[in-house]
Amino acid sequence: MSEKKIVKSLCRMCDDHCGIDCWMEDGKVVKIEGNKEHVWNRGRLCIKGSHGTDMVYAPDRIRKPLKRTGQGFVEIPLEQAMDEIAGKIRTIQGTYGPQSVGVWKGEAVGFAQEEELARRFIHAIGSPNYFSNDSACFAGRWIGYSLVYGRWNAQPDFENSRCIIIWGANPPHAHPNMTQQINRAREKGASLIVIDPRYSPIARQADLFVQVKPGSDGAFAWGLMRELIQNGWIDHEFIRDFTVGFDQVKEYAGRFTYEYVARETGCDAETLIRETALKIKESMPHTVVYVGNGLEHHENGINNIRACAYLDGLIGAVDQKGANYSPVGFPMKELVLYNEKPLLELNPVGRGRFPILYHYRQECHTMTLMDQILTGKPYPFKAMVLTGANPAMTNPNSSKVRKALSALELLVVHDLFLSETAQLADYILPAASYLERSELHVHGGYQTITLTNRMIGPDPGITDEYTMFRELAVRLGAGEYFPWKDEDQLNEWLISDSGVSMDVLRSNPSGYQYAQKVYEKHKIRKENQEKPFNTRTGKFEFTSEILKEYGYQELAEYIPPKSNTTDPARPFTLVTGARKVMYYHGRNHNIPA
């Protein structure tokens, strides 16, 4: 009789991390279903999640290290691959300088400790050059909200909201669990407003659809602010006690008349601004303004996102029930080395041109990197270790990206499949899937932490991120920064100061709630004579001293997009990024289901 059992974990087919029940039989995962006990997905699972086994057991999965030769790729032992890669990195750094090497973290390994491991590794070996897909996506929202709130992680409290504004996002295709939260709120009477260039599936469900030209979102946001301010539909107490720069907002918003906004956005601004403002007034402060990644894919994306975030401060919908909630983070130790080895003197790639990106994200700029590889200026960049990413497919100007990556003296790709980028590599290291590793994940909105289970393997030759970076670091003389035997010891270290034990996490496979929800924490901090917000001024910042110091406008200035043309020969604007729920960026296209 074969042994059958169910083991709980988290899905990693996208970054939602839904709770899953893995059906195990004879040491294999035979079926994956949603975990009904998990607070996030409540048993629901999309087609990606239910076909995780297809990815893990895919016939085209890379299972042995590969080395490029004159006759193509050949399999080699893992130890040989690690020795040769480390030797080449040592030679390149010795010839061109420590900063001539970089690491690139992809979406496939997510934003949690796997990202911090990549950051730790590159600083441990003496280079500041950490890259990810985020400089083309996500970093814009991170920076936009950080400039206003002082932190990125405001979580929409949809289920308690009375008015939900979805701005440049399409949750039915991108975030199914978020869609269910919106649906539950609507069943309780919440109104839904969607602002988007596309008449998307979520727009079809809306009470009010505002169709704007691509990149003109900031104009509509400012027009909405003008309407709210002129009618007095704002939270005067919050503005007085907790914000800085309101007078500048009031003055600047006056420029955004109905006529100007209509010209910029192409919509019936007078009607739509009035209707949107009225719904906000009726629901404030229990209003969620949720900004999707559509806004950050534009030349003025950060300021447009800041303008949307301003609305929270105007109506007092900050850390409120039914608004954007600011969760309490789990006290996990940091893996990054920015305090110990900042390495700013080595001129991180793109920092001079994009100082705000580096100031807030300690991240280099991927598009600038391509030019630097090809020109060798301001210094040679010769080697990249890339994990779970496919920039040859996903970064802008793919032909230029392929040319640049092909010009490297060393390209190492750590992945499950032979992606377009892996095909350019000198070495390919087989990566562990989420069912073959264990990691910690925090669901911020619910303030829960979960330890994922290692279900199988991995097979010899396949490495998780920690093992891969540790093996290279040891060979490069930086083993002191990776003292843990394996990822289990690493996980234990990460939570060692939290007061929560590994036994507690193991006994709560559906997630352990480490803190109860407390709203309006800025008021509590003020009473305790602490900074209410994690900003320079300690306040919700309509204006930013940091931006001013770097030579930028301190207010979220609206700059009309270059595509906003009236040339009849060019009536259309290309927009990209529409999602299909079965895929995740460049992933899953090789899975038949």
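Right above here is the structure, for reference.
First, a word on what this report is: a plain description of the structure on this page. (Residues numbered from 1 in each chain as written. Predicted model: local features only at pLDDT ≥ 70, side-chain atom pairs only at ≥ 80, totals over all residues. Heavy atoms only, no water.)

**Some remarks on the overall build of the protein chain**
- Within the protein chain one finds 23 helices and 21 strands.
- Dimensions along the principal axes, computed over C-alpha positions, put the protein chain at roughly 70 × 60 × 55 Å.
- Looking at the protein chain as a whole, 57% of its 593 residues qualify as buried.
- Sequence separation of 24 or more characterises 72% of the internal contacts of the protein chain that already satisfy a separation of 6 or more. (Helix = DSSP H or I, 4+ residues; strand = E, 2+ residues; numbered from the N terminus. Buried < 20%, exposed > 50% of the residue type's maximum accessible area, 1.4 Å probe, protein only. Contact = heavy atoms within 4.5 Å.)

**Some points on the packing of aromatic side chains**
- The tally for this structure, following the rule as stated, stands at 28 aromatic pairs.
- Between Trp167 and Phe220 the ring centres are 6.3 Å apart and the planes differ by 75 degrees, which places this aromatic pair in the edge-to-face class. Of the two residues, Trp167 is situated in strand E9 (residues 163-167) and Phe220 in helix H9 (residues 217-231); the sequence distance between them amounts to 53 residues. For the residue pair Trp167 and Phe220, the accessibility class agrees, reading buried in each case.
- Seen in terms of ring centroids, Phe533 and Phe540 are 6.2 Å apart; in terms of plane orientation they differ by 75 degrees. Their pairing is edge-to-face. Accessibility classification places Phe533 together with Phe540 in one group, the buried group. (Phe/Tyr/Trp six-rings, centres within 6.5 Å; stacked < 30°, edge-to-face > 60°.)

**Brief notes about the sheet that holds strand E19 (residues 448-451)**
- A sheet is described by the order of its strands in space; here three strands give the open sequence E18-E19-E20, paired in antiparallel fashion. Looking at the sheet topology across the chains shown, the edges are occupied by strand E18 (440-443) and strand E20 (512-513).
- As defined by bridge partners, E18 adjoins E19 across four bridges and the pair is classed as antiparallel. If you follow Val442 over to E19, its bridge partner there is Ile449. (Pairing = 2+ DSSP bridges.)

**Observations concerning unusual backbone geometry**
- Between Met284 and Pro285 the backbone carries a cis peptide bond, its omega angle lying at 5 degrees.
- As for its placement among the helices and strands, Pro285 is situated in the loop between helix H13 (269-283) and strand E13 (287-291).
- Geometrically, the link from Lys377 to Pro378 is a cis peptide bond, its omega value of 5 degrees lying close to zero.
- Mapped onto the elements of the fold, Pro378 is located in the loop between helix H16 (366-375) and strand E15 (383-387).
- Non-glycine residue Phe138 carries a positive phi angle of around 85 degrees.
- Relative to the helices and strands, Phe138 is located in the loop between strand E7 (130-132) and helix H5 (139-149).

**Some remarks on the nonpolar core**
- Ranked by internal contacts, the top residues of the largest apolar core, which has 58 residues, are Trp167, Phe220 and Trp222.
- Core analysis: the next-biggest nonpolar cluster, separate from the first, contains 46 residues, Ile125, Tyr130, Val412 and Ile495 among them. (Core = buried A, V, L, I, M, F, W, Y, C linked by side-chain atoms within 4.5 Å.)

**Quick notes on the packing of H9 against helix H12 (residues 258-265)**
- At a minimum axis distance of 9 Å, the contact between H9 and H12 shows a crossing angle of 160 degrees. In terms of orientation, H9 and H12 fall into the roughly antiparallel class. When you trace H9 past H12, the crossing you get is left-handed. Every residue of H12 that contacts H9 at Ala219, Phe220, Gly223, Arg226 and Glu227 is listed here: Tyr258, Val261, Glu264 and Thr265.
- Its residues placed into classes, the contact of H9 with H12 shows four nonpolar, two polar and three charged. (Axes fitted to C-alpha atoms, helices over the stretch in contact; angles between N-to-C directions. Parallel < 35°, antiparallel > 145°, perpendicular 65-115°, else oblique. Left-handed = near helix turned anticlockwise from the far one by under 90°. Nonpolar A, V, L, I, M, F, W, Y, C, P; charged D, E, K, R; others polar.)

**A few points about the sheet that holds strand E11 (residues 208-210)**
- Pairing is parallel across the open sheet formed by four strands, whose spatial order is E11-E10-E9-E13. Two strands in the sheet have a free side with no partner beyond their single neighbour: E11 and E13. The sheet shows a mean angle of 15 degrees between the axes of neighbouring strands, direction not considered.
- Bridging between E9 and E13 involves five bridges; their strand directions are parallel.

**Re empty space enclosed by the protein**
- A complete count under the given rule lists one cavity of 30 Å³ or more for this structure.
- What the largest cavity holds in volume is close to 40 Å³.
- In terms of lining residues, the largest cavity is bounded by Gln113, Glu114, Leu117, Ser438, Asp464, Glu465, Tyr466, Glu487 and Leu490.
- Secondary-structure elements contributing two or more residues to the lining of the largest cavity are helix H4 (113-124), helix H19 (465-475) and helix H20 (487-494).
- For the lining of the largest cavity, the per-class residue count stands at three nonpolar, two polar and four charged. (1 Å grid on protein atoms, 1.4 Å probe; cavity = no way out; pocket = protein on both sides within 12 Å on 5 of 7 lines; lining within 4 Å. Points joined across faces, edges and corners; volume = space filled by probe spheres on them.)

**Thoughts on the pattern of salt bridges**
- Enumeration according to the criterion identifies 38 salt bridges in this entry.
- In this structure, Glu520 and Lys523 form a salt bridge, with 3.1 Å as the shortest nitrogen-oxygen distance.
- Taking the relative accessible area as the measure of exposure, Glu520 reaches 23% and is therefore partly exposed.
- Here Lys523 falls in the partly exposed class, since its relative accessible area comes to 33%.
- Each of Arg12, Asp15, Glu114, Arg437, Glu439 and Glu465 takes part in salt bridges that share partners, so that together they form one network. (Salt bridge = Lys/Arg side-chain N within 4 Å of Asp/Glu carboxyl O.)

**Some remarks on the environment of Gln320**
- Structurally, Gln320 can be placed in the loop between helix H14 (301-315) and strand E14 (324-325).
- Relative accessible area serves as the criterion here: at 13%, Gln320 is assigned to the buried category.

**Side note on H20**
- When H20 is considered as a whole, its buried residues turn out to be Glu487, Leu490, Asn491 and Leu494. Taken down its axis, H20 places every buried residue within 100 degrees of arc, on the same side.
- Looking at where H20 begins, the residue whose side-chain oxygen comes 3.1 Å from the main-chain nitrogen of Asp488 is Asp486. (Arc of directions from axis to C-beta. Polar contact = N/O pair within 3.5 Å; in protein donor to acceptor, adjacent residues only side chain to side chain.)

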